[in-house]
Each structure stands twice: as C-alpha cells, then as structure tokens.
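Secondary and tertiary structure notes
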Amino acid sequence: MAKISYLNTPFSIKSLSLKNRIVMPPMCQYVATDGMPNDWHFVHYVSRAVGGVGLIIVEMTNVAPNGRISPNCLGLWNDDQRDQFKRIVDAVHAQNGKIALQIAHAGSKALGASDVVSCSPVMFDDTNDANAQWQYQMPRALSKDEILELIEKFKQSTKRAVEAGFDAIEIHGAHGYLIHQFCSPKSNLRTDEYGQDKLLFGEQVIKAAKSVMPADMPLIVRFSAQEYGKNGYDVDYGCKIAKRFADAGADVLDVSGGGDGKLDPLHTPKFHAGYQVYLARAIRKVSNLPIITVGMLEDPYLADYVLSTGDADLVAIGKGLLHDPYWALHTLNSPFVPQPYKVAF
Ligand SMILES: Cc1cc2nc3c(=O)[nH]c(=O)nc-3n(C[C@H](O)[C@H](O)[C@H](O)COP(=O)(O)O)c2cc1C
C-alpha cells in the first residue's frame, strides 16, 4: 500500500506556519442573517480544526450587502460581524488550527440584491431558473468614484479581519465574481483605465488589502486561471493575471478555474480527479509563489502525489471535507491509509 509522504509535512510562509499541507477551501454555507456568522459557522469551522486541517479558509465573505451571492451569505462590513468572526478564530486557534478569511464582492452574480453592480452592464452568462427564489439581474456599471469606494470597502473588511485575529487573508478574484468580472474581456467592456487595463481593479484591491495587513501576514489571492465558458480566456491570460497579482503583493496563489457562466465543453476540463492541477502546473512555470491547487483531490494518494510532483505546495479539499470533517485526521493518522479510512478515535 502506498505511503502518504507529503501531505503531513509542515509549510511556512511569512508568519503563517501550517502543520500540514491540507487546506479547506472557502465554501459558502448560505446560513447567515445580515452577514453575521452564527453557531452553524462556529461548529462548521471549529470541527474542521478539530479534524486536523492545516489551513481553513472561511467562505466568501463580502465587503458590502450587495456583494453577497445570496442574502444568506457572510459579510464583514461592520464591527459586530468582526466580533462574531473573532469567536470562531479564537476557537480554531485553541484547537491548534490556522484560519484565513476569503474577502469578496459578487458583482453581477449577487442574487437577491436590490442594487446589482459590475464593471459593465453585462448580465452573468447563466440560465436564470424561473422557479428559483432569486434571479440574476442586469448589473449597473460602477462609476469611477464607486470603484474607489469599493476598493476602500475591501480595505476596511481586511482591516476588520486582521482585528478578528485571522492568520491570513484571501482575496477572491476567481469564479466570475467582481474582481474576475473586471479581469475578463467578456464582462469588462469599459473604455476608461479600468477597461484598458482589466487587471487594474484587482491590483488595486490587493494593494489596498496589503496596506492594512501586518507585513508578515500572507495574502492569498484566488483567481480563475482559465475560464470554462464560451469565448473564455485561456491559461495564457491566467498566467498574466498570476504575474500581475503577484507583483501587486500576493504571497500565495490559490489557482482555480471557471465560474464565468455556462460551461463550454470545448473550453472546460473533464471533471475527473485532480482536474485543475494542470492550471497549477501552468502557473507554477511563471511564478515562484507558493501555489494551492483544488478540484476533486480527496483521494489522499492523489493529493499526496500532486504535492510530490511539485505542481503545488498545498492541496485544498472541498467537498471531501464537507463529507468528512475529520478527513485530515483519517488521512494522516497512519502512514498507511487503509480503504475505507481507519477511524482515528
Ligand atoms: C458548497 C460549496 C460552496 C463553495 N463556495 C465557495 C466560496 O465561497 N468561495 C470560493 O472561492 N469557492 C467556493 N467553492 C468552490 C470550492 O472552494 C472548491 O474550489 C471546489 O469545491 C472544488 O474543490 P473540491 O472538488 O475539493 O470540492 C464552493 C464549493 C462548494 C461545493
């Protein structure tokens, strides 16, 4: 039976020291009221810390009410929200875990918002379900002043996250949300500087976040290295995004893909185990930054193999950690992982 050799090795970047290479990627829970974390979030995240995850990244948490992908999503636009996050952060630390927060704005993918905004009035390219509770709306284009206000909101949410005690910050530039909308030639039709330079908004958000973070706290940036929809950008453009965001101050690249709308079979990887590792490998060639890879990696041997190849430094296990909060313990408890996993306690 194969041996797990890499998943259980420590990893450090700046002041962040992880006991293993397992990351819980951000995953929306859709159970917040007024953007506030509650007991569900407490149990959800703290149980993954008990379960031995190296780094927990809290789900997409939005800088403004109209940035939520549903009215039940988390926010960090006030101090009460910050104080509830602190409760979770402290409990994760008490379990010897590390925790980051993903900060975001959904732009045109905000559902149930009254004022939907984006870089340009381009509808999110997806099929509205007539029976769904909320529908995608045509967004209103942000004015230059509103763009600057939004960058300030990213900064204020980051500042609150630092005050709450998070170990790292992740900026969400992936999956078709606002920063991705600015990056994408499909959704950014502006003619001003934010259209001529489609990566400018993301760069300014990263710099604003860094300006309120301690110098030794790492900033993780998640981005889609390839779009999966019709006329989507390819991985060459993804490499340009990576380089620009690294130059802006990213310390770790969380390499994902898609989210830009209906999947184009000609532009989408087949959804097999490890289906996005090729994106991490491509970004690795153009950047020296540590890389997180994600996508159907819950087979521990596969996750371990991906680390062994050097394509990524950290592996994110999403749905695997929803199915089993103790995935890390079950995987790492023994150098040999029996199938089905041995129960550790
Ligand atoms: C329920 C659910 C919610 C998600 N929410 C987010 C999110 O808030 N932010 C984000 O960047 N990705 C989100 N994702 C994507 C995951 O972080 C991850 O990239 C994806 O699930 C692929 O990894 P997996 O195959 O290990 O699940 C979500 C995925 C799921 C299943």
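Residues numbered from 1 in each chain as written. Predicted model: local features only at pLDDT ≥ 70, side-chain atom pairs only at ≥ 80, totals over all residues. Heavy atoms only, no water.

**Notes on the nonpolar core**
Core analysis: the biggest nonpolar cluster contains 85 residues, and Leu7, Phe166, Ile171, Phe201, Leu253 and Ile283 have the highest contact counts within it. Top contributing element to this core by residue count: helix H7 (residues 235-248), with seven residues. Once you skip the residues sitting within four places of it in the chain, Leu253 turns out to touch Val221, Phe223, Ala242, Ile283, Ser287, Leu289, Pro290, Ile291 and Ile292. Grouped together as the second largest cluster of nonpolar side chains are 15 residues, Leu16, Leu18, Leu55 and Ile292 included. (Core = buried A, V, L, I, M, F, W, Y, C linked by side-chain atoms within 4.5 Å. Buried < 20%, exposed > 50% of the residue type's maximum accessible area, 1.4 Å probe, protein only. Helix = DSSP H or I, 4+ residues; strand = E, 2+ residues; numbered from the N terminus. Contact = heavy atoms within 4.5 Å.)

**Brief notes about the packing of helix H2 (residues 79-94) against helix H3 (residues 144-164)**
Put simply, H2 and H3 touch, their axes get as near as 8 Å, and they point 40° apart. With respect to each other, H2 and H3 are oriented oblique. For the pair H2 and H3, the sense of crossing is right-handed. Here Asp79, Arg82, Phe85, Lys86 and Val89 of H2 come into contact with H3, specifically with Arg160, Glu163 and Ala164. Residue composition of the contact of H2 with H3, by class: three nonpolar, no polar and five charged. (Axes fitted to C-alpha atoms, helices over the stretch in contact; angles between N-to-C directions. Parallel < 35°, antiparallel > 145°, perpendicular 65-115°, else oblique. Left-handed = near helix turned anticlockwise from the far one by under 90°. Nonpolar A, V, L, I, M, F, W, Y, C, P; charged D, E, K, R; others polar.)

**As for helix H9 (residues 300-309)**
Regarding H9, the residues found buried are Pro300, Ala303, Asp304, Val306 and Leu307. Down the axis of H9, the smallest arc covering the buried residues is 155°, so these residues share one side. Those residues of H9 that are buried lie in contact with helix H8 (277-284), strand E12 (291-294), strand E13 (314-316) and helix H11 (327-332). The N-capping residue of H9, defined by a side-chain oxygen 2.8 Å from the backbone nitrogen of Tyr301, is Asp299. Of the residues one or two after H9, Gly310 is the one with positive phi, at around 85°. (Arc of directions from axis to C-beta. Polar contact = N/O pair within 3.5 Å; in protein donor to acceptor, adjacent residues only side chain to side chain.)

**Considering the packing of aromatic side chains**
Throughout the structure, instances matching the rule amount to seven aromatic pairs. Ring geometry for Phe124 and Tyr136: centres 4.8 Å apart, planes at 65°, overall edge-to-face. Linking Phe124 in the loop between strand E7 (117-118) and strand E8 (140-141) with Tyr136 in the loop between E7 and E8, this pair joins segments that are twelve residues apart in sequence. The same class applies to Phe124 as to Tyr136, namely buried. Consider the rings of Phe182 and Tyr194, whose centres lie 6.2 Å apart with planes at 75°: the pair is edge-to-face. With Phe182 in helix H4 (residues 178-183) and Tyr194 in helix H5 (residues 193-196), this residue pair connects regions lying twelve residues apart in the sequence. For the pair shown, Phe182 and Tyr194 are each scored as buried. The lysine or arginine in question, Arg87, covers the ring of Phe42, its NZ or CZ lying 4.4 Å from the ring centre. A cation over a ring is seen here: Lys109 above Tyr177, with NZ or CZ 4.5 Å from the ring centre. (Phe/Tyr/Trp six-rings, centres within 6.5 Å; stacked < 30°, edge-to-face > 60°. Lys NZ or Arg CZ within 6 Å of the ring centre and 35° of its normal.)

**Section: the site of the ligand**
Around the ligand there are 15 residues in total, and Pro26, Cys28, Arg222, Met296 and Gly318 lie nearest to it. In the environment of the ligand, an oxygen atom lies 3.1 Å from a nitrogen or oxygen atom belonging to the backbone of Met60. Notes on the ligand: free accessible area 610 Å², of which the protein chains cover 83%. (Near = heavy atom within 4 Å. Areas by Shrake-Rupley, 256 points an atom, 1.4 Å probe, with all protein chains shown as cover.)

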